[in-house]
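# Secondary and tertiary structure notes
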Amino acid sequence: MTTSPTGFYNSIQEATAHVIDVLSDILHVNTIFIAANDGVTNVILDSFNREEVLVRNGEELPFELSYCSLVLNHSADYLTISETSTHPHTCGLDVTKTIGNHSFTGIPIRMKDGQAYGTICVLDAPSAHLTETEIKALQAMAVFLGYVVELEKDKFDAEVSSMNKLDLISSLSNKIRFSLTEIWGATDLMLTTELTEEQQQYMSIMESSSRSLLMLLNNILDYSNIESRQIDDLEDPFDLRTMMENVLSLYTEVAVQRNLELKLDWNLASSPIFIGDEAKIRRMLINLVDNAVKFTSTGSVILSVTTQSVTDAPEVELEVRVKDTGIGISPNKLKLWLEHDHGYSPSYDNPGLGWQITKQLLKRMNGKMTGISEPGRGTEITLQFTLKIYQESA
């Protein structure tokens, strides 16, 4: 039986295993078991049998036909029966006929509001009695399990609430994204018609704003998927060079308007097909290129890739860089951004949601992010990660 690195239990199953382990050392009885019930079915969660096997993990009984129903319907703090074969409430039960005559002690497990969860029970030789100290040990363990159940319930409720919120965010974002895509498409079409200089300026503002909002919505969707763990890790063949070219092409129009140079610097000896998660890498590059373009008014934004690996190795460690000649930031601030998680709008004090998503996606790929920057001289961000090279079968 193990617990989490923090020393807490990850589930009620871990806690019941611990309780059974402790009680089996201090109580010299034949059988100890912990059962849960929902008012309909009684289920054995964990058990210990010293000699005679009376109870097994996972066994189920109708609640009303179990000893545990007697414990939970009993008005006292615990129930003790000296001989189950002669007691009026147990002598006629099928379970007594199956396991024979024994002594029985049961302690209810309840949550703070008094709601019953289950029982801790002991079966031993007929007429055997537990001492007052042993009864108190069982009651203490029952209280402990009640707290664990309460915590697990609170955790479950919080996760459900969080999932509902994330689902709502995802649903709303998808609806807004659909409308924004239509607006963006209509704006692009309008820009191809004859417009006055003033109209052209207004339409360009609309196009730029639609692009920014769509980028934000995509980041919100990615973030909600990461938070809800609804994101898969894929291993598929893809063309990295073509994907990088496509990322830069998204910003061609903006670059022309600002007279920026957009450049792909491919420093690999060939253009192999890699195996990896193309969608994650594309999202990371879009986030970084978007930031670079946003904060670069003159000069260039260069997307490059290099490797230090042997060319014929089955996998390569890549270094993908986004370098700009924009406003730059102080080295200390960049170090803070690289070492810590932040996530509001991309102001000069914070890198933005896209930055945080990039870090989270890169972490899932066991990658690393580094960077250098200087105010007024631009920024260079490097993503380091490993990809397999696709080998076609002969």
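See above for the structure.
In what follows, the accompanying structure is described. Everything numeric in this text was worked out from a predicted model, so none of it was measured.

### Examining the overall build of the chain
Across its full length, the chain holds 10 helices and 13 strands. Among the 394 residues that make up the chain, the fraction classed as buried is 41%. Contacts in the chain between residues at least 24 apart in sequence constitute 62% of all its contacts with a sequence separation of at least 6. Taken as a whole, the chain presents about 21,700 Å² of accessible surface, with 53% of it coming from carbon and sulfur.

### Focus on the packing of helix α8 (residues 278–294) against helix α10 (residues 353–364)
As a packed pair, α8 and α10 sit with axes 9 Å apart at the nearest point and diverge in direction by 150°. Classified by the angle between their axes, α8 and α10 sit roughly antiparallel to one another. Between α8 and α10 lies a crossing of left-handed hand. Of α10, the residues touching α8 (which contributes Lys-280, Arg-283, Met-284, Asn-287 and Leu-288) are Gly-354, Trp-355, Ile-357, Thr-358, Leu-361, Leu-362 and Arg-364. A per-class count over the contact of α8 with α10 returns 6 nonpolar, 3 polar and 3 charged.

### Focus: the pattern of salt bridges
On inspection of all chains with the given rule, the structure shows 7 salt bridges. A salt bridge links Asp-277 to Lys-280, with the nearest nitrogen and oxygen atoms 2.5 Å apart. An identical accessibility class is assigned to Asp-277 and Lys-280; each is buried. The closest approach of N and O atoms between Arg-321 and Glu-319, which form a salt bridge, is 2.7 Å. Here the salt bridges do not stand alone but share partners, grouping Glu-319, Arg-321 and Glu-380 into one network.

### A short note on unusual backbone geometry
Negative phi characterises most residues that are not glycine, and trans characterises most peptide bonds. Even without being a glycine, Ser-127 presents a positive backbone phi close to 70°. Along the chain, Ser-127 turns up in the loop between β6 (116–124) and α4 (132–191). Of note, the phi angle at Asn-366 is positive, near 60°, even though the residue is not glycine. Judged by its relative accessible area of 72%, Asn-366 is exposed.

### Side note on the state of the cysteines
Put plainly, two cysteines are in a disulfide when a covalent bond ties their sulfur atoms together. This structure, assessed with the given rule, holds 0 disulfides. Cysteine Cys-68 is unpaired, with the sulfur of Cys-121 as its nearest cysteine sulfur at 4.0 Å.

### As for the sheet that holds strand β2 (residues 41–49)
Spatially, β3-β2-β1-β6-β5-β4 is the arrangement adopted by the 6 strands of the open sheet, whose pairing is antiparallel. Of all strands in the sheet, those bounded by a partner on one side alone are β3 (60–62) and β4 (79–81). When the angles between neighbouring strand axes are averaged without regard to direction, this sheet yields 25°. As judged from the 6 bridges shared by strand β1 (residues 31–37) and β6, these two strands associate in the antiparallel manner. The residue bridging Ala-35 from the neighbouring strand is Thr-119, located in β6.

### Observations regarding helix α6 (residues 240–249)
Along α6, the residues that are buried comprise Leu-240, Met-243, Met-244, Val-247 and Leu-248. Looking straight down α6, one finds its buried side chains confined to an arc of 140°; they lie on one side. Among the residues of α6, the N-terminal cap falls to Asp-239, whose side-chain oxygen and the backbone nitrogen of Arg-241 are separated by 3.1 Å.

### Description of the pairing of strand β10 (residues 300–307)
With 6 of 8 residues buried, β10 lies mostly within the body of the structure. Looking at chain direction, β10 and strand β11 (residues 315–324) are connected through 7 bridges and run antiparallel. Its bridge partner being in β11, Thr-307 is matched across the sheet by Leu-318.

### As for the environment of Gln-360
Looking at the element boundaries, Gln-360 is found in helix α10. By relative accessible area, which is 23% here, Gln-360 ends up partly exposed. In this structure, the C-alpha to C-alpha distance between Gln-360 and Met-284, residues 76 residues apart in sequence, is 9.6 Å.

### Examining the pairing of strand β5 (residues 103–110)
For β5, the buried fraction is high: 7 of the 8 residues fall into the buried class. The pairing of β4 with β5 spans 3 bridges and is classified as antiparallel. Residue pairing for β5: Thr-80 is matched across the bridge by Thr-105. Both β5 and β6 contribute to a ladder of 8 bridges, which runs antiparallel. When the sheet's bridge partners are listed, Ser-103 is paired in β6 with Asp-124.

What counts, and at which threshold
Residues numbered from 1 in each chain as written. Predicted model: local features only at pLDDT ≥ 70, side-chain atom pairs only at ≥ 80, totals over all residues. Heavy atoms only, no water. Helix = DSSP H or I, 4+ residues; strand = E, 2+ residues; numbered from the N terminus. Buried < 20%, exposed > 50% of the residue type's maximum accessible area, 1.4 Å probe, protein only. Contact = heavy atoms within 4.5 Å. Areas by Shrake-Rupley, 256 points an atom, 1.4 Å probe, with all protein chains shown as cover. Axes fitted to C-alpha atoms, helices over the stretch in contact; angles between N-to-C directions. Parallel < 35°, antiparallel > 145°, perpendicular 65-115°, else oblique. Left-handed = near helix turned anticlockwise from the far one by under 90°. Nonpolar A, V, L, I, M, F, W, Y, C, P; charged D, E, K, R; others polar. Salt bridge = Lys/Arg side-chain N within 4 Å of Asp/Glu carboxyl O. Disulfide = S-S within 2.5 Å. Pairing = 2+ DSSP bridges. Arc of directions from axis to C-beta. Polar contact = N/O pair within 3.5 Å; in protein donor to acceptor, adjacent residues only side chain to side chain.

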